[in-house]
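Remarks on the overall topology
Here are the chains, one letter per residue:
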Amino acid sequence: MKILGVDYTVRIADDLEMGTTDGESHVARSLIKIAKNEKQYMERIFWHEMLHVVLKMQGYPELSDDEALVERLATAIHQIIRDNPDLYGELKEG
């Protein structure tokens, strides 16, 4: 997948390196790892890790380090997408 024009590998993995239990992101390696879990939970963790990457790539490492902020945003984005499966179909002219 591409994040801000960079090819990233996203893996379901058992070998998380950072001592975490849910997921991790590595901007320098263009890699996101997510621990195997229930599908909906993994989707939310995916958004959590993607937000870390986006914030770092956009020059906001201090915001990326704010776990409470990242978690709240990831939960909100995930819920909006799940609650609105035809999200972009809502954008209609007229």
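Residues numbered from 1 in each chain as written. Predicted model: local features only at pLDDT ≥ 70, side-chain atom pairs only at ≥ 80, totals over all residues. Heavy atoms only, no water.

So, about helix H3 (residues 67-83). Taking 1.5 Å of rise per residue, the 17 residues of H3 would be expected to cover 24 Å, and the 24 Å separating its terminal C-alpha atoms lies within 8% of that figure. When H3 is considered as a whole, its buried residues turn out to be Val70, Ala74 and His78. The buried residues of H3 occupy an angular sector of 55 degrees when projected down its axis, which confines them to one face. Turned more than 90 degrees away from the buried face of H3, the exposed residues are Arg72 and Asp83. Next to the buried residues of H3 lie helix H1 (39-57) and helix H2 (61-64). (Helix = DSSP H or I, 4+ residues; strand = E, 2+ residues; numbered from the N terminus. Expected span 1.5 Å × (residues − 1). Buried < 20%, exposed > 50% of the residue type's maximum accessible area, 1.4 Å probe, protein only. Arc of directions from axis to C-beta. Contact = heavy atoms within 4.5 Å.)

Here we come to the side chain of Arg44. Note that Arg44 resides in helix H1. Ignoring any residue separated from it by four or fewer positions in sequence, one finds Arg44 in contact with Glu71, Ala74, Thr75 and His78.

This next bit is on the environment of Gln40. Note that Gln40 resides in helix H1. For Gln40, a relative accessible area of 32% puts it in the partly exposed group. With 39 residues separating them in the primary sequence, Gln40 and Gln79 have C-alpha atoms 9.9 Å apart. The residues contacting Gln40, other than those within four sequence positions of it, are His78 and Arg82.

This brings us to the sheet that holds strand S3 (residues 9-13). The strand order across the open sheet built from three strands is S3-S5-S4, with neighbouring strands paired in mixed fashion. A strand with exactly one partner marks an edge of an open sheet, and here the two such strands are S3 and strand S4 (23-26). The average angle at which neighbouring strand axes cross in this sheet is 15 degrees, direction not considered. Packed on one face of the sheet, H1 meets S3, S4 and strand S5 (31-35) and runs near 150 degrees to S5. (Pairing = 2+ DSSP bridges. Axes fitted to C-alpha atoms, helices over the stretch in contact; angles between N-to-C directions.)

The next point concerns the packing of H1 against H3. With their axes 8 Å apart at the nearest point, H1 and H3 run at an angle of 125 degrees to one another. It follows from the interaxial angle that H1 and H3 lie oblique. Seen from above, H1 lies across H3 with right-handed handedness. Across the interface between the two elements, Gln40, Glu43, Arg44, Trp47, His48, Leu51, His52 and Leu55 from H1 touch Glu67, Val70, Glu71, Leu73, Ala74, Thr75, Ile77, His78, Ile81 and Arg82 from H3. (Parallel < 35°, antiparallel > 145°, perpendicular 65-115°, else oblique. Left-handed = near helix turned anticlockwise from the far one by under 90°.)

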